[in-house]
Amino acid sequence: MRLHVADHPLVAHKLSVLRDKDTPSPVFRQLVEELVTLLAYEATREVRTVEIEVQTPVAVTTGTHLAEPRPLVVPILRAGLGMLEGMTRLLPTAEVGFLGLQRDEETLQAITYANRLPDDLSGRQCFVLDPMLATGGTLIASIDYLFERGARDVTCICLLAAPEGLALVEKHVGDRADVNVVVAAVDERLDEKAYIVPGLGDAGDRLYGLV
Ligand code: URA
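Small disclaimer: the values here were computed from a predicted structure and weren't measured.

What to know about the overall build of the protein chain
- For the protein chain, the count of helices and strands is six helices and 13 strands.
- Against the 2.2 N^0.38 benchmark of 17 Å for 211 residues, the protein chain shows a C-alpha radius of gyration of 17 Å, consistent with a compact globule.
- By principal-axis analysis of the C-alpha atoms, the protein chain measures approximately 60 × 35 × 30 Å.
- For the protein chain, buried positions account for 46% of its 211 residues.
- Expressed as a percentage of contacts within the protein chain between residues at least 6 apart in sequence, the contacts between residues at least 24 apart total 71%.
- In the form shown here, the protein chain has an accessible surface area of approximately 10,800 Å², with 52% of it arising from carbon and sulfur atoms.

Observations concerning the site of the ligand
- Contacts to the ligand come from R103, M132, A134, A194, Y195, I196, G201, D202 and A203.
- In this structure, I196 approaches the ligand through a main-chain N or O atom, which is 2.7 Å from an oxygen atom.
- Between an oxygen atom of the ligand and a main-chain N or O atom of A203, the distance comes to 2.7 Å.
- A total of 240 Å² of accessible area belongs to the ligand in isolation, and the protein chains cover 87% of it.

Considering the UniProt feature "binding site: uracil" (unreviewed entry) in the protein chain
- Within the UniProt annotation, "binding site: uracil" (unreviewed entry) is assigned to I196, G201, D202 and A203.
- If we ignore the near neighbours within four places in the chain, the residues touching I196 are M132, L133, A134, L160, A161, A162, D187, R189 and L190.
- Looking at the element boundaries, G201 is found in the loop between β13 (196-197) and α6 (203-208).
- Judged by relative accessible area, G201 falls into the partly exposed class, the value being 32%.
- Setting aside anything within four residues of it in sequence, one finds G201 in contact with M132 and Y195.

What counts and what doesn't
Residues numbered from 1 in each chain as written. Predicted model: local features only at pLDDT ≥ 70, side-chain atom pairs only at ≥ 80, totals over all residues. Heavy atoms only, no water. Helix = DSSP H or I, 4+ residues; strand = E, 2+ residues; numbered from the N terminus. Rg over C-alpha atoms; globule rule 2.2 N^0.38 Å. Buried < 20%, exposed > 50% of the residue type's maximum accessible area, 1.4 Å probe, protein only. Contact = heavy atoms within 4.5 Å. Areas by Shrake-Rupley, 256 points an atom, 1.4 Å probe, with all protein chains shown as cover. Near = heavy atom within 4 Å. Polar contact = N/O pair within 3.5 Å; in protein donor to acceptor, adjacent residues only side chain to side chain. UniProt positions renumbered as here; feature names shortened; annotations may be inferred.

This is the structure in structure tokens:
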């Protein structure tokens, strides 16, 4: 697994506003989108491209296009949905599939409750969107699900990660270079309810206004 922690003052600034418990949902949603666009810039550094010929008003030159098959963006329901707009702004030609994974609050295991993805993901570069990498269970389940269907590589974009969750994902996927995790920050720890500390609370509730 390769981990990339965004090191940029704008990312740090937006993240600090997200963490503030008094930031209202509309501002929170807007900032999540902006933050994801910044993270997506890093996350797509190795997106596959092909050379094409471009006729400019002056001359013919060689340009770059995204390769086929198109990248697949997979927001994890529900909180990952809040990241979709920020991602597709940067990657408008990507296809979007949905995966509904929820953690059982008793066992803290991820359970799949919805799936809207192509059966065959052969050769696909996949970008998983999940704001909080807490225990790592949801991300591991998503990564396995995508590779089982033939995905070529999987890049997970998260706003925050806990060291415990990162360690579990790393233990699960080992040193394979086709799994990337891009985060805005790695926080201190998980609390007893598996919330990230200091974190930003329940990302889904903060996005959608339920407390
Ligand atoms: N999910 C959240 O929304 N927040 C956390 O801190 C952990 C998991």
